[in-house]
Amino acid sequence: MTTRTRRNRLFAAGLVAASVSLALTGCSSTSESSGAPNASATVNEVKADPKLAALVPDDVKSAGKLVVGADASYAPDEFKDDSGKVIGLDVDLANAIAAKLGLKAEVQDSGFTAIIPGIQSNKFQLGMSSFTDNKEREQIVDMVTYFNSGSAVAVKKGNPEKIDPKDLCGKKVAVQTGTTQADEIKDTRDPDCAKAGKPGIQNGGDKFDLQTDVTNAVVSGRDQAMMADSQVVDYAVKQSGGQLEKVGETYGVAPYGVALAKGSKLAPAIQGAVQSLIDDGTYKQILTKWGVEAGAIDKSVINGAN
């Protein structure tokens, strides 16, 4: 699972909050992002595929659009540019998927934990917000896989407190509410600390609704470490002006999925569109644009939790 106010753009779309009074002059693996993001890079125009468009249910076809929920605080996957427009990997992919199906994508900023309930209530047709496809989520929504990501840990540059990413017992660790990493603390990290006779991560993790606040908590010194998806950690480190560093390796690599209502008749169309984008090279262009091509997959499936 995964999860993510905005100030000057030192942290490219607000990875440091205005309240921080710091002297800022700032199946494959994703152990590191492949390159620097380039939000201005162009991607080939995507044309509708009639066979895939024919799979779209009539009610969606008549509306002419896919309404997509995304938590726009999780750069480079989904975040806001200087004008407040939601951009990022998932936004570009959502637009490309919609175009393949002869539709338009309407991406709406939403709190992360509100997206799946929004799908269940028909507020959104899709959720594209760095959702890890896992068995628990597949019980309540269907997931179309489109990317691979792991988890990673970041700390202050130089790791002054000698944080061991494999042993965070007793440490102050920032995470986003509702994410895989928040569950990891509850379900794995804290029980392992207890078995070792050590105190758990303080307060079960310092939880924030926005990933931008998670990053800020480490930059400001409130917390000693942060846990997030690997490419999000890589991006935060690159944008931190030398204030953060990743410690340890990426671990727990798993697929991301486009979330849809359970049993949605739209799922085959979405899966077909993702696979078509992979096959025609558009997918690789989008991942390269955001510097995350290390997470590319070559086959999209419905409900591919591992």
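Residues numbered from 1 in each chain as written. Predicted model: local features only at pLDDT ≥ 70, side-chain atom pairs only at ≥ 80, totals over all residues. Heavy atoms only, no water.

## Topic: the packing of aromatic side chains
Phase 1: Taken as a whole, this structure holds five aromatic pairs when the rule is applied.
Phase 2: Here Phe 79 and Tyr 235 contribute two aromatic rings whose centre-to-centre distance is 6.0 Å and whose plane-to-plane angle is 45°, an arrangement assigned as tilted. Taken together, the residues Phe 79 in strand β3 (residues 78-80) and Tyr 235 in helix α8 (residues 230-239) connect sequence positions 156 residues apart.
Phase 3: Exposure remark for Phe 79: the relative accessible area of 6% places this residue in the buried category.
Phase 4: With centroids separated by 5.8 Å and ring planes inclined at 85°, the aromatic side chains of Phe 79 and Trp 290 adopt a geometry described as edge-to-face. With a gap of 211 residues between them, Phe 79 in strand β3 and Trp 290 in the segment after α10 (282-289) connect regions that are remote in the sequence. (Phe/Tyr/Trp six-rings, centres within 6.5 Å; stacked < 30°, edge-to-face > 60°. Helix = DSSP H or I, 4+ residues; strand = E, 2+ residues; numbered from the N terminus. Buried < 20%, exposed > 50% of the residue type's maximum accessible area, 1.4 Å probe, protein only.)

## Brief notes about the pairing of strand β10 (residues 225-229)
Phase 1: For β10, a buried count of five out of five residues is recorded, marking the element as mostly surrounded by other parts of the structure.
Phase 2: Summarising the sheet, strand β7 (residues 141-156) and β10 pair through four bridges and their orientation is antiparallel. When the bridges of β10 are listed, Ser 151 appears paired with Asp 229.
Phase 3: In terms of strand pairing, strand β8 (residues 173-176) meets β10 through two bridges, oriented parallel. Residue pairing in the sheet places Val 173 in a bridge with Ala 225 of β10. (Pairing = 2+ DSSP bridges.)

## Focus on the state of the cysteines
Phase 1: Summed over the entire model, instances satisfying the criterion amount to one disulfide.
Phase 2: Cys 169 shares a disulfide with Cys 193; S-S distance 2.0 Å. The sign of the -95° torsion about the S-S bond sets the Cys 169-Cys 193 disulfide as left-handed. With Cys 169 in the loop between β7 and β8 and Cys 193 in helix α6 (residues 180-195), the pair connects residues that are 24 residues apart, well separated along the chain.
Phase 3: Of the residues examined, Cys 169 reaches a relative accessible area of 16% and is grouped as buried.
Phase 4: Overall, the relative accessible area of 3% leaves Cys 193 in the buried class. (Disulfide = S-S within 2.5 Å.)

## Examining the layout of surface pockets
The probe, sized like a water molecule, is rolled over the atoms to show the empty space still left.
Phase 1: If you add up the space inside the second largest pocket, you get close to 300 Å³.
Phase 2: Forming the boundary of the second largest pocket are 19 residues, of which Val 43, Val 91, Asp 92, Asn 95 and Lys 289 lie nearest the centre.
Phase 3: In terms of residue count, helix α3 (residues 89-100) provides more of the lining of the second largest pocket than any other element does, five residues in total.
Phase 4: Taken together, the residues that form the lining of the second largest pocket break down as 11 nonpolar, five polar and three charged. (1 Å grid on protein atoms, 1.4 Å probe; cavity = no way out; pocket = protein on both sides within 12 Å on 5 of 7 lines; lining within 4 Å. Points joined across faces, edges and corners; volume = space filled by probe spheres on them. Nonpolar A, V, L, I, M, F, W, Y, C, P; charged D, E, K, R; others polar.)

## Some words on α10
An α-helical segment advances 3.6 residues per turn. Residues three or four places apart therefore align on the same side.
Phase 1: Along α10, the positions that sit buried rather than exposed are Thr 282, Tyr 283, Ile 286, Leu 287 and Lys 289. Down the axis of α10, the buried side of the element spans an arc of 160°, and every buried residue falls inside it.
Phase 2: After α10 finishes, the residue Gly 291 shows a positive phi value of roughly 70°. (Arc of directions from axis to C-beta.)

## Some points on the nonpolar core
Phase 1: Within the largest apolar cluster, 56 residues are counted, with the highest numbers of intra-cluster contacts made by Leu 66, Leu 101 and Ile 270.
Phase 2: Every residue in contact with Leu 66, bar those within four places of it in the chain, is listed here: Val 60, Ala 98, Leu 101, Leu 103, Lys 104, Ala 105, Glu 106, Gln 125, Leu 126, Leu 266 and Ile 270.
Phase 3: Of all hydrophobic cores here, the second largest spans 12 residues; its members include Val 153, Val 173, Ala 225 and Val 247. (Core = buried A, V, L, I, M, F, W, Y, C linked by side-chain atoms within 4.5 Å. Contact = heavy atoms within 4.5 Å.)

## Thoughts on the side chain of Gln 243
Phase 1: Position of Gln 243 relative to the elements: it lies in the loop between α8 and β11 (244-261).
Phase 2: Of the polar contacts made by the side chain of Gln 243, one reaches the backbone oxygen of Ser 240; its length is 3.2 Å. (Polar contact = N/O pair within 3.5 Å; in protein donor to acceptor, adjacent residues only side chain to side chain.)

## Digging into the sheet that holds β3
Phase 1: Here we have three strands laid out as an open sheet, ordered β2-β3-β4, and antiparallel in their pairing. With partners counted over all chains shown, the strands left at the sheet margins are β2 (73-74) and β4 (86-87), one partner each.
Phase 2: Across two bridges, β3 lies against β4 in antiparallel orientation. For Lys 80, the partnering residue across the bridge sits in β4 and is Val 86.

## Structural notes on the confidence of the model for the chain
Phase 1: Mean pLDDT over the chain works out to 89, with 88% of the residues at or above the 70 mark.
Phase 2: In the predicted structure, residues 1-32 sits below a pLDDT of 50 and forms 125 contacts with residues beyond four places in sequence or in another chain. (pLDDT = per-residue confidence, 0-100.)

## Here we look at the environment of Gly 281
Phase 1: Structurally, Gly 281 can be placed in the loop between α9 (267-280) and α10.
Phase 2: Residues Gly 281 and Val 43, spaced 238 residues apart in sequence, show a C-alpha to C-alpha distance of 9.8 Å.

## Some details on the pattern of salt bridges
Phase 1: This structure, assessed with the given rule, holds 10 salt bridges.
Phase 2: A salt bridge links Glu 106 to Lys 65; the nearest nitrogen and oxygen atoms lie 2.9 Å apart. Remark: Lys 65 occurs in strand β1 (residues 65-70) and Glu 106 occurs in strand β5 (residues 104-109); sequence separation between them is 41 residues.
Phase 3: Judged by relative accessible area, Glu 106 falls into the partly exposed class, the value being 29%.
Phase 4: Owing to a relative accessible area of 33%, Lys 65 belongs among the partly exposed residues under this scheme.
Phase 5: Linking Asp 167 and Lys 198 is a salt bridge whose minimum nitrogen-to-oxygen distance equals 2.6 Å. Placement of the pair is Asp 167 in the loop between β7 and β8 and Lys 198 in the loop between α6 and β9 (206-208), with a sequence separation of 31 residues.
Phase 6: Judged by relative accessible area, which is 25%, Asp 167 ranks as partly exposed.
Phase 7: Its relative accessible area of 38% is what places Lys 198 among the partly exposed residues. (Salt bridge = Lys/Arg side-chain N within 4 Å of Asp/Glu carboxyl O.)

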